[in-house]
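# Residue-level structural notes
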Amino acid sequence: MKTLIYKIVLSFLTFLSTQFLVAQTTNISLKDAKELVIANNKKMAVQKLEEQRHKEIIKELHGKLLPNVAFNGMVSHYFDRQVIFLPGSFVGTTDPVQDISVGGLNTLNTSITLQQPLIAKNIKRQKEVAKVEEKIQSETTKEMKSQLLYQVTKDYYGIQLMKSQLQLQEKSLIRNQKALVDAKSLFAEGRALKVDTLRSYIAVENLKSSISYLNNNIEVTESQFKKLVGLDSAAAIKLTDPLLLEDENEKFIVLEEKIKSGTDDRNDVKLQVLAIEKEEQKLSAVKGNYLPQVSLIGQYQIQAQADDVNVEQYTFPKTSFVGLQVSLPIFSGGSITAQARQSKIKIEQEKLNLEDLKQDVNLELNAIAGNWKNAKAQLDIQKKTVDAAEINFTINSNRYLNNLSSMLEVNDAELALNTAQLNYLMAVYELKVLTVAYEKALGLL
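Summary of the structure given here.

Rules of the game
Residues numbered from 1 in each chain as written. Predicted model: local features only at pLDDT ≥ 70, side-chain atom pairs only at ≥ 80, totals over all residues. Heavy atoms only, no water. Helix = DSSP H or I, 4+ residues; strand = E, 2+ residues; numbered from the N terminus. Contact = heavy atoms within 4.5 Å. Salt bridge = Lys/Arg side-chain N within 4 Å of Asp/Glu carboxyl O. Buried < 20%, exposed > 50% of the residue type's maximum accessible area, 1.4 Å probe, protein only. Pairing = 2+ DSSP bridges. Axes fitted to C-alpha atoms, helices over the stretch in contact; angles between N-to-C directions. Core = buried A, V, L, I, M, F, W, Y, C linked by side-chain atoms within 4.5 Å. Patch = residues over 30% accessible without salt bridge, like charges linked within 9 Å, V, L, I, M, F, W, Y side chains within 5 Å. Areas by Shrake-Rupley, 256 points an atom, 1.4 Å probe, with all protein chains shown as cover. Phe/Tyr/Trp six-rings, centres within 6.5 Å; stacked < 30°, edge-to-face > 60°. Lys NZ or Arg CZ within 6 Å of the ring centre and 35° of its normal.

### Looking at the environment of Phe 321
For Phe 321, the location among the structural elements is in strand S8 (residues 318-327). Between the C-alpha atom of Phe 321 and that of Ile 297, which follows or precedes it by 24 residues, the distance is 8.3 Å. Beyond its immediate stretch of four places on either side in the chain, Phe 321 contacts Ile 297, Gly 298 and Gln 299.

And the structure:
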């Protein structure tokens, strides 16, 4: 009875542990992976913080256009009275200059100062530069998002490709193990050569090695994938979207139509246009250094001096003023002119970079379109090849069992079938990835 109870409890605990392990596995669709990489990727998080930092730079420059109010206070004790110098005739001496001790040993000086920029074109133009820089960071974030979405899609399908290849290799292993059993049986009956058995054995061992290699690659790639989407390396994941063709052909036709509207939606093109705008604004900011700066200034001051510390008996004279402060650069050694020339050169460089980028974009689109059409043609060829290879393998297997062909022909047929199936999978993978690459190249990802 105790043994029965023990078995029941053990089975129950085993069931619970199994359920717990299953529950720990995270199912991830391609849509989930895209959401995870945007939300959790560390590089994306750094870029978003950089975007926020540039928003604060704009606020900093805006603050320089607002009133600046400061309170200053100072209390001092002098061991000797302060000295001023006057002509000797002023104090009844014959010396040309006479030092006179003045003031109290204790001094108190407090003031409130105000400075409000009225005309500050250079600061306003620096603010415009910062606004363009903020746009650049925003587009950089979008470009990084596009890159991450492309990478996570490619890695997702890459893992599914390797898992599909693993399934094919396992099926091939089963076929070769069966062929090995058949070869041993026919050899025992004297209807086959020993070399056939050896050939089948070698094929089985080679497939075991390939399967081990694939398993290791899948494990490494999944670790990289988990890091990319921000998951813990120890987390168990299961990719749920299989490597299957859907409407890639129709989607690609729609994408080709998008070329007619141009490629200005690409983030890298937008970034280059903004780079030109930024340099133009920087040139304007440099020229702003030639302009006068006008500020409203004011001060309210209270001060007192005495030899004792009876503050309640002090008198506190008050002084206040308001005025305008004007600053106009006259000569700066040619540094401002040199900065302006540098900005003009940089603008020309960025314009040339934009032209070069647009040429590269056209080459990229043409290359992707050509590769896609080639992959589509390869897919059609490989599909027919797989059908022919399956028929060929079946025929040769039956011929071998009836002692009408050698094991070499069977192995060749099996290898041809396995190769055709792998090539078909690669063609599917290429079409899926090239479609996403085309979306990215058009600025739609």
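### Some words on the pattern of salt bridges
Enumeration according to the criterion identifies 13 salt bridges in this entry. Where Asp 307 meets Arg 81, a salt bridge forms, and the shortest distance between an N and an O atom there is 2.5 Å. Here Asp 307, found in the loop between strand S7 (293-306) and S8, pairs with Arg 81, found in the loop between strand S2 (68-77) and strand S3 (82-87); they are 226 residues apart in sequence, far enough to count as distant. Overall, the relative accessible area of 42% leaves Asp 307 in the partly exposed class. Its relative accessible area of 35% is what places Arg 81 among the partly exposed residues. A salt bridge links Glu 350 to Lys 346; the nearest nitrogen and oxygen atoms lie 3.6 Å apart. Residue Glu 350 and its partner Lys 346 are located together in helix H8 (residues 335-401), separated by four residues, close to a single helical turn. Here Glu 350 falls in the buried class, since its relative accessible area comes to 10%. Through salt bridges with shared partners, one network takes in Arg 266, Asp 268 and Glu 364.

### Notes on the sheet that holds S8
Read across the open sheet, the four strands follow the order S2-S5-S7-S8; overall the sheet is antiparallel. At either margin of the open sheet sits one strand with a lone partner, and together these are S2 and S8. Going from strand to strand, the sheet's axes swing by 15° on average, the running direction of each strand aside. Examined bridge by bridge, S2 and strand S5 (residues 106-119) share 10 bridges and lie antiparallel to one another. Of the residues in S5, the one forming a bridge with Ala 70 is Thr 113.

### Description of the pairing of S8
The buried fraction of S8 is low, at zero of 10 residues. Taken together, the 10 bridges between S7 and S8 define a ladder with antiparallel strand orientation. Counted as the bridge partner of Gln 293 is Ser 327 from S8.

### Thoughts on the nonpolar core
Val 37, Val 152, Tyr 156, Phe 225, Leu 239, Leu 243 and Tyr 438 are the most contacted members of the largest nonpolar core, which has 45 residues in total. At the level of secondary structure, the elements contributing two or more residues to this core comprise helix H2 (30-40), helix H4 (121-188), helix H5 (194-229), strand S6 (237-239), helix H7 (267-287), H8 and helix H9 (407-441). A total of 11 residues in this core trace back to one element, the largest contributor, which is H9. Core analysis: the next-biggest nonpolar cluster, separate from the first, contains 12 residues, Ala 183, Leu 186, Tyr 400 and Leu 417 among them.

### A look at the side chain of Ser 111
Mapped onto the elements, Ser 111 comes out in strand S5. You can call Ser 111 buried: its relative accessible area is 10%. With residues near it in sequence (within four places) discarded, Ser 111 still touches Ala 70, Phe 71, Asn 72, Gln 299, Tyr 300 and Gln 301.

### Describing a nonpolar patch on the surface
A surface patch of nonpolar side chains, amounting to about 490 Å² of accessible area, comprises Val 69, Phe 71, Ile 112, Leu 114 and Tyr 300. Every element with two or more residues in the nonpolar patch is listed here: S2 and S5. The class of Phe 71 is exposed, set by a relative accessible area of 59%.

### Here's the deal with the pairing of S7
Bridge analysis of S5 against S7 gives 13 bridges, and the strand direction is antiparallel. Residue pairing in the sheet places Leu 114 in a bridge with Gly 298 of S7.

### Quick word on the packing of aromatic side chains
Scanning the entire structure with this criterion turns up three aromatic pairs. A centroid spacing of 6.2 Å and a plane angle of 90° characterise the contact between Tyr 156 and Tyr 157, whose relative ring orientation is edge-to-face. Of the two residues examined, Tyr 156 and Tyr 157, each falls in the buried class. Looking at Arg 175, its charged tip hangs above the ring of Phe 393, at a distance of 5.5 Å from the centre.

Spatial relationships are all this shows, so hold off on functional conclusions.
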